[in-house]
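In case you want the letters, here they are:
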Amino acid sequence: MKWSTLPVLLVVILHFSGQIRVTAGQDTNVRYILYDVNPGEGFNLRRDVFMRVAVFVKKLNQAKRGKFVLVLPPWGRLFHWQTRELGRQVKIPWKSFFDVNSIRRYVPAIELEEFLEREGPIIDTVLYLQSYKEGWEGNFEYKHDFRECLSENHPYVKEEEFFSGWFWDYEEIKARNFQCLSVQGPTSVIKDLILNDMGGQRAIMLDRAENLLHDYFGDAEYWMARRSMRFADDLVQVADEFREKFLSSNNAIDNTVISKKWEDHEAIREPRGGNYLCVHLRRNDYVYSRKKQIPSLTGAAEQVRNKLVDKGLTRVFVSTDASVEEFNEFKVALDDSFEVLKYTPDHETLLRVKDGGVAIIDQLICSRARTFLGTPESTFTFRIQEEREILGFPLEENFNMLCPDDKPHCEKASQWKIVYPPKKPRASFEDTKPTPEHLEL
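Draft legend 1. Quick look at the sheet that holds strand 16 (residues 400–401). Strand order across the open sheet formed by five strands is 14-13-12-15-16, with parallel pairing between neighbours. Here the strands that pair on one side only, and so sit at the sheet edges, are strand 14 (339–341) and strand 16. The pairing of strand 12 (residues 274–281) with strand 15 (residues 369–374) spans four bridges and is classified as parallel. Note that in strand 15 the partner of Val279 across the bridge is Leu373. Against the sheet, helix 11 (residues 347–367) makes contact with strand 12, strand 13 (315–320) and strand 15, and its axis sits at roughly 150 degrees relative to strand 13, the strand it touches most.

Draft legend 2. Region of interest: the state of the cysteines. Enumeration according to the criterion identifies three disulfides in this entry. Here Cys149 connects covalently by a disulfide to Cys180, the sulfurs 1.9 Å from one another. Here Cys149 and Cys180 share a disulfide; its torsion about the S-S bond, 95 degrees, makes the bridge right-handed. Residue Cys149 is found in the loop between strand 7 (143–146) and strand 8 (157–159), and its partner Cys180 is found in strand 10 (residues 174–184); the two are separated by 31 residues along the sequence. Residue Cys149 is classed as partly exposed on the basis of its relative accessible area, which comes to 23%.

Draft legend 3. Looking closely at the side chain of His265. With respect to the helices and strands, His265 occurs in the loop between helix 7 (251–254) and strand 12. Residue classification places His265 among the buried residues on the basis of a relative accessible area of 8%. At a separation of 3.3 Å, a polar atom in the side chain of His265 contacts the main-chain amide nitrogen of Ser259. Excluding residues within four positions of it along the chain, His265 makes contact with Arg227, Arg230, Val257, Ile258, Ser259, Ile390, Leu391 and Tyr420.

Draft legend 4. Structural detail: the environment of Ser367. With respect to the secondary-structure elements, Ser367 resides in helix 11. Along the primary structure Ser367 and Phe56 are separated by 311 residues, whereas in three dimensions their C-alpha atoms are 28 Å apart. Apart from residues lying up to four places away in sequence, Ser367 is in contact with Ile384, Glu387, Arg388, Leu391 and Phe393. In this structure the side chain of Ser367 is engaged in a polar contact, spanning 2.8 Å, whose partner is the backbone oxygen of Leu364.

Draft legend 5. Summary view of the environment of Glu396. The residue Glu396 is located in the loop between helix 12 (379–391) and strand 16 in this model. Taking relative accessible area as the criterion, Glu396 reaches 45% and is therefore assigned partly exposed. Separated by 16 residues in the primary sequence, Glu396 and Phe380 place their C-alpha atoms 19 Å from one another.

Draft legend 6. Structural detail: empty space enclosed by the protein. Within this structure, the stated rule accounts for six cavities of 30 Å³ or more. Roughly 110 Å³ of internal volume is contained in the largest cavity. If you trace the largest cavity, you find it lined by Asp36, Val37, Pro39, Arg46, Pro74, Trp75, Gly76, Arg77, Val90, Lys91, Trp166 and Trp168. Residue composition of the lining of the largest cavity, grouped by class: seven nonpolar, one polar and four charged.

Criteria and cut-off values
Residues numbered from 1 in each chain as written. Predicted model: local features only at pLDDT ≥ 70, side-chain atom pairs only at ≥ 80, totals over all residues. Heavy atoms only, no water. Pairing = 2+ DSSP bridges. Helix = DSSP H or I, 4+ residues; strand = E, 2+ residues; numbered from the N terminus. Contact = heavy atoms within 4.5 Å. Axes fitted to C-alpha atoms, helices over the stretch in contact; angles between N-to-C directions. Disulfide = S-S within 2.5 Å. Buried < 20%, exposed > 50% of the residue type's maximum accessible area, 1.4 Å probe, protein only. Polar contact = N/O pair within 3.5 Å; in protein donor to acceptor, adjacent residues only side chain to side chain. 1 Å grid on protein atoms, 1.4 Å probe; cavity = no way out; pocket = protein on both sides within 12 Å on 5 of 7 lines; lining within 4 Å. Points joined across faces, edges and corners; volume = space filled by probe spheres on them. Nonpolar A, V, L, I, M, F, W, Y, C, P; charged D, E, K, R; others polar.

Here you go:
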């Protein structure tokens with residue numbers, strides 16, 4: 001028999017440092033996990049859900065029952081992204097905001113566009129995650145069950161043989177199957193379901209993935225996923241240029257240099273940061289929904305002033321969703337003996353980085369400040385605190401919060417300290433000596 005008479009399927013796979021790439025044909029051993037989040041959730045909560053799903057996909061691969069690839073859901077249709085001149089901000093790839101190659105060194109991951117190029121627009125099954133109708137009492141039991149949908153407000157509709165729905169504004173994407181799945185517990189609660197019961201399905205989407213909890217919030221695995229979420233170089237450059245120009249700040253003089261790879265960076269906790277304070281001054285919906293938990297503008301200015309005096313600083317960078325009028329009121333209340341700065345992109349930069357990029361630039365600038373004041377219960381604040389933990393700031397400069405006017409000495413935020421995996425012991429010479437078997441190879 002001649003080789004030329006055999007049908008050949010050429011598959012080239014790169015599986016290095018967590019990466020899986022199919023460059024021609026299809027590897028039938030590769031499976032895909034897609035996910036989405038409640039449309040009302042914000043940018044920074046979605047980043048938290050990413051970590052839950054990324055850890056889940058990594059653990060699926062550790063089971064060695066196939067090669068699982070995480071499909072990164074495009075960004076878009078977020079409540080806080082309201083800049084009119086940007087129009088509908090949808091179908092934004094992860095590479096616009098994050099270093100996807102950095103993420104791939106933690107878990108195999110691809111953009112949705114790449115998934116569509118590989119596999120086409122059909123997803124095998126959408127699992128619409130929901131809670132249990134009866135809730136829970138007493139012992140919180142980890143479990144999952146296929147149930148009737150608790151709400152008919154989901155976007156999925158059967159049209160002939162496929163289900164249509166909201167798939168990140170891609171109308172061509174359809175699903176073969178749709179089921180509501182009640183879940184209670186962390187992502188691992190559905191591990192066996194994916195590995196065994198749905199083992200024949202190539203592409204599975206977990207919608208409302210926020211209903212799954214972290215396996216272990218704040219452990220080394222959590223922090224590895226978090227550390228892998230390095231920001232896109234373009235956004236880092238914009239933030240660095242702003243710091244250099246307006247805050248006399250750069251990584252070299254501020255002691256905020258990081259290793260090229262997140263895996264190699266393990267900072268020593270010590271004083272660092274530029275000669276400025278950063279405050280996250282959340283307004284907008286918080287003025288109504290959490291008015292008892294945040295200060296007035298005058299109260300916020302007083303607290304910032306006290307902190308500036310205490311730290312011997314004269315500059316404050318304000319990250320805020322406040323209106324122009326509110327921001328000016330804050331500046332006046334602070335008094336003109338302090339320099340108050342806010343990042344506002346020029347038109348060209350705004351068109352390029354969009355609202356999500358502006359938020360990240362704010363976080364980058366805040367993460368390099370000498371000290372930080374956050375807003376209680378804000379995931380935006382929490383993400384900044386995580387960045388500062390990764391950089392190795394002293395705890396007393398990371399977790400301070402703005403207090404309500406009537407509680408000037410409120411508690412600091414919970415201190416979720418960074419955790420690193422245990423270091424592997426160095427191999428001894430005896431361990432590394434070649435065996436007879438090695439010598440024969």
